[in-house]
Amino acid sequence: AQEIGGTDKEVVRDYFNTTGFDRWKKIYGEATEGVNKVQLDIRIGHSKTVENAILMLKDGGPLAGVSVCDAGCGTGNLAIPLALEGAIVTANDISAAMVAEARQQAEEAIRGVEGVRMPEFEVKDLEELEGKYHTVVCLDVLIHYPQEKAEVMIAHLASLAEKRLLLSFAPKTTYYSLLKRLGELFPGPSKATRAYLHAESDVERALERLGWRVRKRGFISTQFYFAKLLEAVPAA
Ligand code: SAM
């Protein structure tokens, strides 16, 4: 997996507007036709991450009326159920194709459901987001950025969050680093961006430097998908 040029961000944006959009729309969707075994496995893993994130969020109390920012919302897999729970959802993604898909899926799932407010979708780099939200969630986005860049992103996300921040990322452990290297030796046609693993301790340290502490942790793994899920809150 090599970077083809441009900054990480430009590469990621281009990818998720083109081949990455097709690949991930399929993985995150429900249809099984044309979805291979690996993609199905990743679908299951990712849906567990979304489920766990919703459980963590609900554990803190009902979501009705709670403002939530879903940073890097993809096709809306988290934003839509959160809106159905009554949360006031703002969702953004750097990819216009992803946002268009999320908006369409939300229209189908939410329009006509009484009392449910449509998420506000926007095409935006998460680092350009402004405002304050009770909760900020960012699932499976940090994998596209090296640790240094990820730390800048985490700092920005924390600055938007008043009460809590949920992050999921692919953990860097000896075993997963090895798996990743093996995967890179056999690049499939559908793999296009560089993937970065992050050590849980590095992410936690970055949060601590910002004055946040990890309150809950989750770990999700299937055969080809693995993610750490952290819920952080202001330390004081
Ligand atoms: N969070 C969604 C989910 O879990 O269903 C999507 C995860 S997908 C692997 C990663 C998403 O992050 C893509 O939709 C991509 O366009 C988006 N993304 C990557 N970098 C971003 C950035 N700097 N700002 C906003 N979105 C970004």
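Before going into details, it helps to say that this report is about the structure given with it. Being a predicted model, the structure only gives us computed values, none of them experimental. (Residues numbered from 1 in each chain as written. Predicted model: local features only at pLDDT ≥ 70, side-chain atom pairs only at ≥ 80, totals over all residues.)

Right, let's get into the overall build of the chain. Across its full length, the chain holds eight helices and seven strands. Each of the three principal axes of the chain carries a C-alpha extent, and together these read 50 × 40 × 30 Å. For the chain, the proportion of its 236 residues judged to be buried stands at 36%. Within the chain, residue pairs in contact and separated by at least 24 positions form 70% of the contacts whose partners lie at least 6 positions apart. (Helix = DSSP H or I, 4+ residues; strand = E, 2+ residues; numbered from the N terminus. Buried ≥ 20, exposed ≤ 12 C-beta atoms within 10 Å, placed from the backbone. Contact = placed C-beta atoms within 7 Å.)

The next thing to look at is the site of the ligand. The ligand sits among 21 residues. The nearest are F16, G72, G74, L126 and L139. For the shell around the ligand, the elements supplying multiple residues, two or more each, are α1 (8-17), α2 (19-28) and β2 (88-93). The element contributing the most residues to the shell around the ligand is α1, with three residues. For the shell around the ligand, the class distribution of residues is eleven nonpolar, six polar and four charged. (Near = placed C-beta within 6 Å. Nonpolar A, V, L, I, M, F, W, Y, C, P; charged D, E, K, R; others polar.)

The axes of two packed helices give the description: the angle between them and the distance between them. Running from N to C, α2 and helix α3 (residues 37-59) point in directions that differ by 65°, and their axes come no closer than 8 Å. Relative to α3, α2 is oriented roughly perpendicular. Considering only the axes of α2 and α3, their crossing is right-handed. For the pair α2 and α3, contact is made by K26, I27 and Y28 and by Q39, I42, R43 and H46, respectively. A breakdown of the residues in the contact of α2 with α3 according to their chemical character gives three nonpolar, two polar and two charged. (Axes fitted to C-alpha atoms, helices over the stretch in contact; angles between N-to-C directions. Parallel < 35°, antiparallel > 145°, perpendicular 65-115°, else oblique. Left-handed = near helix turned anticlockwise from the far one by under 90°.)

Regarding α1, the residues found buried are V12, R13 and F16. Axial view of α1: buried residues confined to an arc of 100°, hence all on one face. For α1, the secondary structure elements touched by its buried residues are α2 and α5 (96-110). (Arc of directions from axis to C-beta.)

One open sheet accounts for seven strands, arranged β3-β2-β1-β4-β5-β7-β6; its pairing is mixed. Strand pairing shows two members of the sheet lacking a second neighbour, β3 (120-123) and β6 (212-221), which therefore form its edges. Each strand axis lies, on average, 15° off the axis of its neighbour in the sheet, ignoring direction. As paired elements, strand β4 (residues 133-138) and strand β5 (residues 161-169) share five bridges and run parallel to each other. Residue pairing in the sheet places Y133 in a bridge with A161 of β5. Across the sheet, α5 lies against β2 and β3, angled at about 165° from β3, the strand it touches most. (Pairing = 2+ DSSP bridges.)

Let's shift gears to helix α6 (residues 147-160). Its 14 residues give α6 an end-to-end C-alpha distance of 20 Å, which sits within 8% of 20 Å, the value for a rise of 1.5 Å per residue. Within the sequence span of α6, burial applies to A150, E151, M153, I154 and L157. Here the buried residues of α6 occupy an arc of 165° about the axis, which is enough to place them on one side. Exposed and facing more than 90 degrees away from the buried side of α6 are E148 and V152. (Expected span 1.5 Å × (residues − 1).)

Residues A79, V136, V137, C138, L157 and L167 are the most contacted members of the largest nonpolar core, which totals 57 residues. The element best represented in this core is β5, accounting for five residues. Setting aside its immediate chain neighbours within four residues, L167 contacts C138, L142, I154, V203 and L230. (Core = buried A, V, L, I, M, F, W, Y, C linked by C-beta atoms within 7 Å.)

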